[in-house]
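Spelled out from the first residue to the last, the chains are:
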Amino acid sequence: MTATTTAPLAADSAPALRRPPARLRAWATRAPLLPALVFMIVVTQLPFVATLVISFFDWNALYPKARRFTWFDNYQQVLTDADLRHSVWVTVLLTASVVVASLVLGLALALLLDRKFKGRGVVRTLLIAPFLVVPVAAALLWKHVLYNPEYGLLNGLLHYVGGPQPDWVSNTPLLAVEASLVWQWTPFMMLILLAGLQSRDQQQIEAARVDGASDWQIFRHLTLPHLRRYLELGALLGSIYIVQNFDAVFTLTSGGLGTANLPYTVYQSFYQAHENGLASAAGVLVVIGSIVIATFALRVVSSLFREEVSR
């Protein structure tokens, strides 16, 4: 009796003895990701930690021996200095206006491309093109091809109809920056919203049409509620980029005429005033703002994935 019962137990325990421990299997699974993790820490986290440490010092690069630890004085100066507070306001205004305008235009273009018509693929490719242009090249394009008061396209059209010849960048500097960013980010919003439109329940829309609902009623009561998550995602992702935008401000206005946003102010403090501590404090605030927005963006993306899986 004893022999018959111990033999199966020995046979069952042999594979368990040969099987590696669960912790070892887990590390073997994660091992290929370790080089990427180490690279990410070295490239992103260590510089941020160094920036965070420098932000607590009164440190001018021209006088390195005079640096001293000042706790939160740099952050207080960023939040109380008139020029820095103005750059924060410009950043908020620039982000809000560009995101709202690009969302509205992107929604209009997405509704257009959601319809079937001849040459839709070509039109879609052309509309996506501005988002594929390098940001500096896009800003140069607007500055010299469109805004130039002597040979720019806008003034050329106005001259053709007998209109004025304004200097767009000098007269409306912030609007000039906003227009170039809206042109570049509208295709991105259009792609997100077009994906949302094509994920609608077509049977529900057809049922609403059978019941006599108009196009406006379908858009208001079915399409717009369905696109809420996609609108939130586009707004959050666009905000992350616009908050950190430097190329358009630097290329079009060089931060002059009241268009200096917070990233450009960081550039001025670091490369022109050589105030390493003050520039680091402003940079940390930009990173914190971006992290807050990114956290909401990740939540929206997660909710979208959950909705798609539950269907």
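Residues numbered from 1 in each chain as written. Predicted model: local features only at pLDDT ≥ 70, side-chain atom pairs only at ≥ 80, totals over all residues. Heavy atoms only, no water.

As recorded in an unreviewed UniProt entry, the protein goes by Sugar ABC transporter permease and comes from Streptomyces griseoluteus. Quoted straight from UniProt, the Subcellular location (unreviewed entry) entry for the protein says "Cell membrane". (UniProt positions renumbered as here; feature names shortened; annotations may be inferred.)

> Lay out the nonpolar core in plain terms, naming residues and giving numbers.
In terms of nonpolar packing, the biggest core is built from 36 residues, with L94, V177 and L181 touching the most fellow members. Mapped onto this core, the elements with two or more residues apiece are α5 (82-113), α7 (135-146), α10 (173-198), α13 (228-243) and α14 (247-252). When residues of this core are assigned to their parent elements, the largest contribution, 13 residues, is made by α10. Leaving out residues up to four positions away in the same chain, L181 has contacts with L94, V98, I242, N245 and A248. Counting 19 residues, the second largest nonpolar core, distinct from the first, contains L84, V243, V266 and V300. (Core = buried A, V, L, I, M, F, W, Y, C linked by side-chain atoms within 4.5 Å. Buried < 20%, exposed > 50% of the residue type's maximum accessible area, 1.4 Å probe, protein only. Helix = DSSP H or I, 4+ residues; strand = E, 2+ residues; numbered from the N terminus. Contact = heavy atoms within 4.5 Å.)

> If you had to explain the packing of aromatic side chains to someone new, which residues and values would you point to?
Scanning the model with the defined rule gives 20 aromatic pairs in all. The interplanar angle of 85° and the centroid separation of 5.3 Å between the aromatic rings of F56 and F72 together place this pair among those described as edge-to-face. Placement of the pair is F56 in the loop between α3 (34-54) and β1 (57-58) and F72 in the loop between β2 (68-69) and α4 (73-80), with a sequence separation of 16 residues. Judged by its relative accessible area of 18%, F56 is buried. Where W185 meets F188, the ring centres are 4.9 Å apart and the plane angle is 80°; that geometry is what we call edge-to-face. Taken as a pair, W185 and F188 lie in helix α10 at a separation of 3 residues, close to a single helical turn. F188 carries the same exposure label as W185, and that label is buried. An aromatic cluster is present here, built from F56, F57, F69, W71, F72 and Y75 joined pairwise through their rings. (Phe/Tyr/Trp six-rings, centres within 6.5 Å; stacked < 30°, edge-to-face > 60°.)

> If you had to explain empty space enclosed by the protein to someone new, which residues and values would you point to?
According to the stated counting rule, one finds 1 cavity of 30 Å³ or more in the structure shown. Put simply, the largest cavity is a space of about 60 Å³. Residue lining of the largest cavity: P135, A138, A139, W142, S180, L181, Q184, Y241, N245, D247 and A248, and that is the complete set. For the lining of the largest cavity, the secondary structure elements donating two or more residues are α7, α10 and α14. Per element, the largest residue contribution to the lining of the largest cavity is 4 residues, and it comes from α7. Of the residues assigned to the lining of the largest cavity, the class counts are 7 nonpolar, 3 polar and 1 charged. (1 Å grid on protein atoms, 1.4 Å probe; cavity = no way out; pocket = protein on both sides within 12 Å on 5 of 7 lines; lining within 4 Å. Points joined across faces, edges and corners; volume = space filled by probe spheres on them. Nonpolar A, V, L, I, M, F, W, Y, C, P; charged D, E, K, R; others polar.)

> A description of the UniProt feature "transmembrane region" (unreviewed entry) in the protein should follow, citing residues and the corresponding values.
In the numbering used here, UniProt assigns the "transmembrane region" (unreviewed entry) feature to residues 33-57, 88-113, 125-145, 174-197, 230-257 and 277-301. Helix and strand shares over residues 88-113 are 100% and 0% respectively, and the end C-alpha atoms of the span are 37 Å apart. In residues 174-197, helix accounts for 100% and strand for 0%; the two terminal C-alpha atoms are 33 Å from one another.

> How would you explain a nonpolar patch on the surface if you had to name every residue and give the values?
A contiguous nonpolar patch, built from W27, L34, L37, V38, F39, M40, I41, V42, V43 and L46 and spanning about 940 Å² of accessible area, is present on the exposed surface. Ranked by the residues each element gives to the nonpolar patch, the list is headed by α3, at 9 residues. Mapped onto the elements of the fold, V38 is located in helix α3. Look at V38 and you get partly exposed, because its relative accessible area is 48%. (Patch = residues over 30% accessible without salt bridge, like charges linked within 9 Å, V, L, I, M, F, W, Y side chains within 5 Å. Areas by Shrake-Rupley, 256 points an atom, 1.4 Å probe, with all protein chains shown as cover. Salt bridge = Lys/Arg side-chain N within 4 Å of Asp/Glu carboxyl O.)

> How would you summarise the side chain of T259 if you had to cite specific residues and measurements?
Tracing the sequence through the fold places T259 in the loop between α14 and α15 (262-272). For T259, a relative accessible area of 1% puts it in the buried group. One polar contact links T259 to T253, side chain to side chain, over a distance of 2.6 Å. Those residues in contact with T259 that lie beyond four places of it in its chain are V90, P173, L174, V249 and T253. (Polar contact = N/O pair within 3.5 Å; in protein donor to acceptor, adjacent residues only side chain to side chain.)

> Provide a residue-level description of the side chain of N155, including the pertinent values.
By secondary structure assignment, the location of N155 is in helix α8 (residues 153-160). Every residue in contact with N155, bar those within four places of it in the chain, is listed here: N148, P149, Q165, P166 and W168.

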